[in-house]
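One-letter residues, chain by chain:
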Amino acid sequence: MPGEAGPPLTPQTDASTSPQDVDVSLLPATGSQTSDGVSPETHPELVTPKTQDPKPTPARRKWLFAMLVAVAVLAYASDQVSKIVALDVLADGEPRPFIGDLIRFKLIGNPGAALSLGAGNTWVMTLIALGVLAAIIFVAKDLGSWAWALALGLLLGSAVGNLTDRFVRPPGGGQGHVVDFIDYNRWFIGNVADIWIVGAAGLIIVLALLGIGVDGRRDRDRVHDRDVPAGPTPGGGPDA
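So, here is what we can say about the structure in this document.

**Let's talk about the overall build of the chain**
1) Next: Across its full length, the chain carries five helices and four strands.
2) Next: Going from the N terminus to the C terminus, the chain shows its helices and strands as α-β-β-α-α-β-β-α-α.
3) Next: Within the chain, the proportion of its 240 residues that are buried is 30%.
4) Next: Within the chain, residue pairs in contact and separated by at least 24 positions form 65% of the contacts whose partners lie at least 6 positions apart.

**Overview of the pairing of strand β2 (residues 103–110)**
Consecutive side chains of a regular strand alternate in pointing toward one face of the sheet and then the other.
1) Next: Pairing analysis gives three bridges linking strand β1 (residues 96–99) to β2, with the strands arranged antiparallel. In the strand pairing of β2, I99 is matched with I103.
2) Next: Taken together, β1 and the strand that follows it, β2, pair antiparallel across an intervening segment of three residues, in which G100 is found at a positive phi of about 60 degrees.

**Side note on the packing of aromatic side chains**
1) Next: Enumeration according to the criterion identifies three aromatic pairs in this entry.
2) Next: Each ring, one from F105 and one from F181, has its centre 6.4 Å from the other, and the planes form 45 degrees; the classification is tilted. Of this pair, F105 sits in strand β2 while F181 sits in strand β3 (residues 178–184), and the two are 76 residues apart along the sequence.
3) Next: By relative accessible area, which is 25% here, F105 ends up partly exposed.
4) Next: Three or more aromatic residues link up through ring pairs in this structure, and these residues are F98, F105 and F181.
5) Next: One Lys or Arg, K141, reaches over the ring of F138 and ends 4.9 Å from the middle of that ring.

**As for the sheet that holds β1**
Two modes of strand pairing occur in sheets, parallel and antiparallel, and in both the strands are linked by backbone hydrogen bonds.
1) Next: Pairing within the open sheet is antiparallel, and its four strands lie in the order β1-β2-β3-β4. Sheet topology places β1 and β4 (188–190) at the edges, where each strand pairs with a single neighbour. Strand-to-strand, the axes of this sheet are offset by a mean angle of 45 degrees, without reference to chain direction.

**Comments concerning the pattern of salt bridges**
1) Next: Scanning all chains against the criterion turns up six salt bridges.
2) Next: Note that R169 and D165 form a salt bridge whose closest N and O atoms lie 3.5 Å from each other. When sorted by exposure, R169 lands in the same class as D165, which is buried.
3) Next: Taken together, the shared-partner salt bridges connect D79, K83, D165 and R169 into one network.

**Some words on the side chain of D215**
1) Next: Mapped onto the elements, D215 comes out in the loop between α4 (192–210) and α5 (219–227).
2) Next: One polar contact links the side chain of D215 to the main-chain amide nitrogen of R217, over a distance of 3.1 Å.

**Side note on the nonpolar core**
Side chains of nonpolar character tend, in soluble globular proteins, to be buried together.
1) Next: Counting 24 residues, the largest nonpolar core has L68, L143, W148, L152 and L156 as its most contacted members.
2) Next: When residues of this core are traced back to their parent elements, those giving at least two are α1 (58–89), α2 (122–139), α3 (146–168) and α4.
3) Next: The dominant element in this core, judged by the number of residues it contributes, is α3, at 10 residues.
4) Next: The contacts of L143, once residues within four sequence positions are left out, are P56, R61, L64, F65, L68, W148, A149, L152, V214 and D215.
5) Next: Among the nonpolar cores identified, the runner-up in size contains seven residues, and A86, L90, F181 and I182 belong to it.

**A look at unusual backbone geometry**
1) Next: Here the phi dihedral of N185 falls at roughly 50 degrees; this positive angle occurs in a residue that is not glycine.
2) Next: The class for N185 is partly exposed, based on a relative accessible area of 27%.
3) Next: Within the chain, R186 stands out as a residue other than glycine whose phi angle is a positive 65 degrees.
4) Next: Inspection of the secondary structure assignment puts R186 in the loop between β3 and β4.

**Description of α3**
1) Next: For α3, with 23 residues, the first-to-last C-alpha span of 32 Å sits near the 33 Å given by 1.5 Å per residue.
2) Next: The buried count for α3 comes to 18 of 23 residues, which makes it a mostly enclosed element.
3) Next: Where α3 begins, the capping side chain belongs to S145, and its oxygen is found 3.3 Å from the backbone nitrogen of A147.

**A word on the packing of α1 against α4**
1) Next: Two elements in contact, α1 and α4, have axes separated by 8 Å at closest approach and are oriented at 150 degrees. In terms of orientation, α1 lies roughly antiparallel with respect to α4. Listed contacts from α4 to A75, S78, D79 and S82 of α1 are V192, A193 and W196.

How each quantity is defined
- Residues numbered from 1 in each chain as written.
- Predicted model: local features only at pLDDT ≥ 70, side-chain atom pairs only at ≥ 80, totals over all residues.
- Heavy atoms only, no water.
- Helix = DSSP H or I, 4+ residues; strand = E, 2+ residues; numbered from the N terminus.
- Buried < 20%, exposed > 50% of the residue type's maximum accessible area, 1.4 Å probe, protein only.
- Contact = heavy atoms within 4.5 Å.
- Pairing = 2+ DSSP bridges.
- Phe/Tyr/Trp six-rings, centres within 6.5 Å; stacked < 30°, edge-to-face > 60°.
- Lys NZ or Arg CZ within 6 Å of the ring centre and 35° of its normal.
- Axes fitted to C-alpha atoms, helices over the stretch in contact; angles between N-to-C directions.
- Salt bridge = Lys/Arg side-chain N within 4 Å of Asp/Glu carboxyl O.
- Polar contact = N/O pair within 3.5 Å; in protein donor to acceptor, adjacent residues only side chain to side chain.
- Core = buried A, V, L, I, M, F, W, Y, C linked by side-chain atoms within 4.5 Å.
- Expected span 1.5 Å × (residues − 1).
- Parallel < 35°, antiparallel > 145°, perpendicular 65-115°, else oblique.

This is the structure:
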């Protein structure tokens, strides 16, 4: 009848409409939530970070280890071949200029290390070389960087080269004299293995300054992985 107020108008919804059918694009952007009402915005500690430098795969480690071995073989071969030539050409003991008097070739037998250090303790030098070999083999199990493979390969080949002299050069038995023949302006006399050792040491210093580990990852990424806990597994709650 005229003048009578009808029932209040209320919005009607289709009974067949479910919350999943609602267009979420029309809703205010308040952040995504999981089934238990936890959102990344309110609980950022549950978000698993994506690292920029993932750990090397087994296949990559095998490839890099093969590279390390190849570099070591080349370093060893260049050292031993150059020593054989030096023993033949420089057997008279006379110095021969190479770059004037700045770098000369002069053959000596070195019982110690570089600069003839430890000349009276040849066995100590042999034990140190064996320790270096063990350290390189131990570190190589985590290899994930080609630069580290190059550096460790040079160190390995050079260490084995000088260690070979300890056992095959007179007087032998681990006390043999290392063949040195490159005279650096009369400051010290070294060999090709020493060149590779210095180059490897320089490369390792650069990698350390850049924060690149043997596994190829940067230090900041490893620290980030340790500081941020992993999120919950899909399909389960926080205790899953």
